[in-house]
Amino acid sequence: MFYYVLKYVLLGPLLRLLFRPRIEGLEHIPADGAAIVAGNHLSFSDHFLMPAIIRRRITFLAKAEYFTGPGVKGRLTATFFRSAGQIPVDRSGKEAGRAAIREGLGVLGKGELLGIYPEGTRSHDGRLYKGKVGVAVMAIRAQVPVVPCAMVGTFEIQPPGQKIPNIRRVTIRFGEPLDFSRYAGLENEKAAVRAVTDEIMYAILGLSGQEYVDRYAAEVKAEEERQAPKKFPRLRR
């Protein structure tokens, strides 16, 4: 219930007013039945802008840190994300990927829309990074279509680390649903899930026009942080 209050009364109208999103290809979202919406991830704002313009309820897999913050602020944040249709997923350890797949398949099994960012994390520099194969495993196992989505301009309104977003217009594009029924039964084959994931990422790339990097975003970000010059505290005299 509170999801729809946020969507149609509180948050949705405000987001539409502030960011005046251009919406392209909304007709590609199935009117009913299970499907995956796979998008690029440029900004914290993506979590709210895409659901605000999709007519159906959509559930996203979100990092568990949004649900485990300390104190009153942490509890309020967790309540907000759950009310907005987010499911917490622990991204650490070997079990993390399997847990995300289980949660996602649970949503699809109920005939609902599942939102996922195949890159696994926000892009720290606006480029599109290599997708993780969990989206492919779910699409093949559940035998559901994948609708590619591109958020354009959200990196500029709220890049990583910025608390208050800039007010400017954004574009949200949806592509034609991708059918992977030809891969039925191959969700445990590495070559198959990699091929499906790459096809999804190529479709997102075609919609977004980003520069593509054939490496995982978290890996590139960690490498850049290691190479960055260390800042030493100034000595007091």
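The present account deals with the structure reproduced in this document. (Residues numbered from 1 in each chain as written. Predicted model: local features only at pLDDT ≥ 70, side-chain atom pairs only at ≥ 80, totals over all residues. Heavy atoms only, no water.)

## Observations regarding the pattern of salt bridges
- Inspection of the entire model under this criterion finds 8 salt bridges.
- Here Asp125 ties to Arg127 by a salt bridge, and the two come within 2.9 Å at their closest N and O atoms.
- Look at the salt bridges and you will find they share partners, linking Asp125, Arg127 and Glu211 into a network. (Salt bridge = Lys/Arg side-chain N within 4 Å of Asp/Glu carboxyl O.)

## With respect to the packing of aromatic side chains
- A full pass over the atoms with the stated rule returns 3 aromatic pairs.
- On the basis of an interplanar angle of 25 degrees and a centroid distance of 5.4 Å, the ring pair of Phe60 and Tyr117 is categorised as stacked. A residue pair is termed long-range when its members are at least 10 positions apart, and Phe60 in strand 3 (residues 58-63) and Tyr117 in the loop between strand 5 (113-116) and strand 6 (128-129) qualify at 57 residues. The same class applies to Phe60 and to Tyr117, which are both buried. (Phe/Tyr/Trp six-rings, centres within 6.5 Å; stacked < 30°, edge-to-face > 60°. Helix = DSSP H or I, 4+ residues; strand = E, 2+ residues; numbered from the N terminus. Buried < 20%, exposed > 50% of the residue type's maximum accessible area, 1.4 Å probe, protein only.)

## Some points on a nonpolar patch on the surface
- A grouping of Tyr4, Tyr8, Val9 and Leu10 is seen on the molecular surface, where their side chains present a nonpolar patch of about 410 Å² in accessible area.
- Tracing the backbone through its elements, the reader meets Tyr4 in helix 1 (residues 2-19). (Patch = residues over 30% accessible without salt bridge, like charges linked within 9 Å, V, L, I, M, F, W, Y side chains within 5 Å. Areas by Shrake-Rupley, 256 points an atom, 1.4 Å probe, with all protein chains shown as cover.)

## Some details on unusual backbone geometry
- You will see that Arg20, though not glycine, has its phi angle at about 40 degrees, which is positive.
- Relative to the helices and strands, Arg20 is located in the loop between helix 1 and strand 1 (22-24).
- Judged by relative accessible area, Arg20 falls into the partly exposed class, the value being 44%.
- Of note in the backbone geometry, Gln143 takes a positive phi value of approximately 55 degrees without being a glycine.

## Examining the packing of helix 5 (residues 134-142) against helix 7 (residues 190-208)
- Two elements in contact, helix 5 and helix 7, have axes separated by 8 Å at closest approach and are oriented at 105 degrees. Taken as axis vectors, helix 5 and helix 7 run roughly perpendicular relative to one another. Across the interface between the two elements, Val135, Ala136, Val137 and Ile140 from helix 5 touch Val193, Val196, Thr197 and Ile200 from helix 7.
- Class assignment of the residues belonging to the contact of helix 5 with helix 7 gives a composition of 7 nonpolar, 1 polar and no charged. (Axes fitted to C-alpha atoms, helices over the stretch in contact; angles between N-to-C directions. Parallel < 35°, antiparallel > 145°, perpendicular 65-115°, else oblique. Contact = heavy atoms within 4.5 Å. Nonpolar A, V, L, I, M, F, W, Y, C, P; charged D, E, K, R; others polar.)

## Details of helix 5
- Every buried residue of helix 5 is accounted for by Val135, Ala136, Val137, Met138, Ala139 and Ile140.
- Note on helix 5: the residue one or two positions beyond its end, Gln143, has a positive phi of about 55 degrees.

## Some thoughts on the nonpolar core
- In this structure, Ile36, Leu61, Met138, Val146, Phe180 and Ile200 are the most contacted members of the largest nonpolar core, which totals 31 residues.
- Considering each element in turn, this core owes the most residues, 7 residues, to helix 7.
- In this view, Met138 contacts Ile36, Leu61, Ala100, Ile101, Gly104, Leu105, Leu108, Leu114, Ile116 and Gln143; residues no more than four positions away in its chain are not counted.
- Ranked by size, the runner-up nonpolar core spans 28 residues in total, among them Ala35, Ile54, Leu113 and Cys149. (Core = buried A, V, L, I, M, F, W, Y, C linked by side-chain atoms within 4.5 Å.)

## Re the sheet that holds strand 7 (residues 146-152)
- Pairing is mixed across the open sheet formed by 7 strands, whose spatial order is 1-8-7-2-5-3-4. Strands with a single pairing partner mark the edges of an open sheet, and in this sheet they are strand 1 and strand 4 (86-89). Strand-to-strand twist across the sheet, computed as the mean angle between neighbouring axes with direction ignored, equals 25 degrees.
- The pairing of strand 3 with strand 4 spans 4 bridges and is parallel. (Pairing = 2+ DSSP bridges.)

## Some points on the pairing of strand 7
- Most of strand 7 sits inside the fold, with 6 of its 7 residues counted as buried.
- In this sheet, strand 7 lies alongside strand 2 (residues 35-39) in parallel orientation, the contact comprising 4 bridges. Residue pairing in the sheet places Gly39 in a bridge with Cys149 of strand 7.
- Here 4 bridges tie strand 7 to strand 8 (residues 171-174), and the two strands are oriented antiparallel to one another. For Cys149, the partnering residue across the bridge sits in strand 8 and is Phe174.

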